Amino acid sequence: GAVVSQHPSWVICKSGTSVKIECRSLDFQATTMFWYRQFPKQSLMLMATSNEGSKATYEQGVEKDKFLINHASLTLSTLTVTSAHPEDSSFYICSARVPGSLPEAFFGQGTRLTVV
Amino acid sequence: KQEVTQIPAALSVPEGENLVLNCSFTDSAIYNLQWFRQDPGKGLTSLLLIQSSQREQTSGRLNASLDKSSGRSTLYIAASQPGDSATYLCAVPKTSYDKVIFGPGTSLSVIP
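These numbers were taken from a predicted model, which means no experiment stands behind them.

(A) Layout of the overall build of chain A. Assigned secondary structure in chain A consists of zero helices and eleven strands. Tracing chain A from N to C terminus, the helices and strands come up as β-β-β-β-β-β-β-β-β-β-β. Over its C-alpha trace chain A gives a radius of gyration of 13 Å, about what one expects of a compact globule, namely 13 Å for 116 residues. Projected onto its principal axes, the C-alpha coordinates of chain A cover approximately 40 × 25 × 25 Å. Taken over 116 residues, chain A has a buried fraction of 52%. In chain A, the proportion of contacts linking residues at least 24 apart, taken out of those at least 6 apart, comes to 53%. Carbon and sulfur atoms provide 52% of the accessible area of chain A, an area that totals close to 5700 Å². The positive charge centre, built from 10 side chains, and the negative charge centre, built from 9, are 5 Å apart in chain A.

(B) Focus on the overall build of chain B. Scanning chain B for helices and strands turns up zero helices and eleven strands. Order of helices (α) and strands (β) in chain B, N terminus to C terminus: β-β-β-β-β-β-β-β-β-β-β. Taking 2.2 N^0.38 as the reference for a compact globule, 112 residues should give roughly 13 Å; the C-alpha atoms of chain B span a radius of gyration of 13 Å, in line with that estimate. Counting over 112 residues, chain B shows a buried share of 43%. Of all intrachain contacts in chain B linking residues separated by at least 6 positions in sequence, the fraction that spans at least 24 positions is 54%. Positive and negative charge centroids in chain B, built from 9 and 9 side chains respectively, lie 6 Å apart.

(C) Representation of unusual backbone geometry in the model. For the peptide bond that leads from His7 of chain A to Pro8 of chain A, omega is 0°, which places it in the cis range. Mapped onto the elements, Pro8 of chain A comes out in the loop between strand S1 (4–7) and strand S2 (10–13). With an omega of -5°, the peptide bond between Ile7 of chain B and Pro8 of chain B qualifies as cis. Positive phi outside glycine occurs at Lys41 of chain A, with the angle close to 60°. Secondary-structure assignment places Lys41 of chain A in the loop between strand S4 (32–38) and strand S5 (45–51).

(D) Highlighting the packing of aromatic side chains. In the structure shown here, the tally under the stated rule is six aromatic pairs over all chains. Centre to centre, the rings of Phe107 of chain A and Phe102 of chain B are 5.6 Å apart; their planes meet at 65°, and the pair counts as edge-to-face. Of this pair, Phe107 of chain A sits in strand S10 (residues 102–107) while Phe102 of chain B sits in strand S10 (residues 100–102), placing the two residues on different chains. Taking the relative accessible area as the measure of exposure, Phe107 of chain A reaches 13% and is therefore buried. Each residue in the set Tyr36 and Phe107 of chain A together with Phe36 and Phe102 of chain B is aromatic and connected to the rest through ring pairs, giving one cluster.

(E) Examining the state of the cysteines more closely. Residues and elements named next belong to chain A. Scanning the model with the defined rule gives two disulfides over all chains in all. Two residues share a disulfide in this structure: Cys23 and Cys94, whose sulfurs sit 2.0 Å from each other. With the S-S dihedral at roughly 85°, the linkage between Cys23 and Cys94 falls on the right-handed side. Separated by 71 residues along the polypeptide, Cys23 in strand S3 (residues 19–25) and Cys94 in strand S9 (residues 90–98) bring together distant segments of the chain. Looking at Cys23, the relative accessible area reads 0%, which means it is buried.

(F) Region of interest: the interface of chain B and chain A. Tallying the contact residues gives 22 residues for chain B and 18 residues for chain A. With both chains or domains summed, chain B and chain A bury close to 1500 Å², and 58% of this area falls on carbon and sulfur atoms. In this assembly, chain B and chain A are joined by zero salt bridges. Taken together, chain B and chain A are joined by six residue pairs in polar contact (both at pLDDT 80 or more). Here the residues of the side of chain B that touches chain A are counted per class, giving ten nonpolar, nine polar and three charged.

(G) Representation of the environment of Glu87 of chain A within the structure. All names here are of chain A. Looking at the secondary structure, you find Glu87 in the loop between strand S8 (76–81) and S9. Classification of Glu87 by relative accessible area gives exposed; the value is 56%. In sequence terms Glu87 and Lys55 are 32 residues apart; their C-alpha atoms lie 25 Å from each other.

What counts as what
- Residues numbered from 1 in each chain as written.
- Chains lettered and ligands numbered in written order.
- Predicted model: local features only at pLDDT ≥ 70, side-chain atom pairs only at ≥ 80, totals over all residues.
- Heavy atoms only, no water.
- Helix = DSSP H or I, 4+ residues; strand = E, 2+ residues; numbered from the N terminus.
- Rg over C-alpha atoms; globule rule 2.2 N^0.38 Å.
- Buried < 20%, exposed > 50% of the residue type's maximum accessible area, 1.4 Å probe, protein only.
- Contact = heavy atoms within 4.5 Å.
- Areas by Shrake-Rupley, 256 points an atom, 1.4 Å probe, with all protein chains shown as cover.
- Lys, Arg positive; Asp, Glu negative; His and termini not counted.
- Charge placed at Lys NZ, Arg CZ, Asp CG, Glu CD.
- Phe/Tyr/Trp six-rings, centres within 6.5 Å; stacked < 30°, edge-to-face > 60°.
- Disulfide = S-S within 2.5 Å.
- Buried area = accessible area lost by both parts, 1.4 Å probe.
- Salt bridge = Lys/Arg side-chain N within 4 Å of Asp/Glu carboxyl O.
- Polar contact = N/O pair within 3.5 Å; in protein donor to acceptor, adjacent residues only side chain to side chain.
- Nonpolar A, V, L, I, M, F, W, Y, C, P; charged D, E, K, R; others polar.

Shown next as structure tokens:
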């Protein structure tokens, strides 16, 4: 199968600061990656679709100016939480598909963000 | 818009029991269906994937079925063990490159 690596696995930051989360496809090229968020005891909700070389597509209700997504290469997408607040504390996880090759969706290990 | 539901939301069973987790989806135009396991505070572990043309998949004590026309899938766990305690999520994409929509999950607790 394909491997998606996410970094860091956990991060604690102060309110008002920005945090960057990286998502890498290690052994395949991902033209599209997906970013999900999971609040405690809830399911994973899609935040945005990251497209290599173009702007990300955000789901309704997700602030694009707060959650900056950059997909500058075929193996790397980044999610930057800007001016973080305690309510942004959540589990963030990225995913990639390998269309035309492997049927399943592959997920990173996730990042636990705590804003204090 | 695809909506995925799972029943029950939580389940507690004694060790050794066989159990069934249910997943329903509103749009039958799916590419496949995946079942995941998530331990508390952890990421996702892929358990089984059923292609849209398949009826079921088996892996060890796990068996997943798919009835695409009725929008349902079941995950059968045989001879449950305490180590099976986790949240089980089903998820569906529309195409081979589309986003995956998750159900809310079933929280399973297997009591020794």
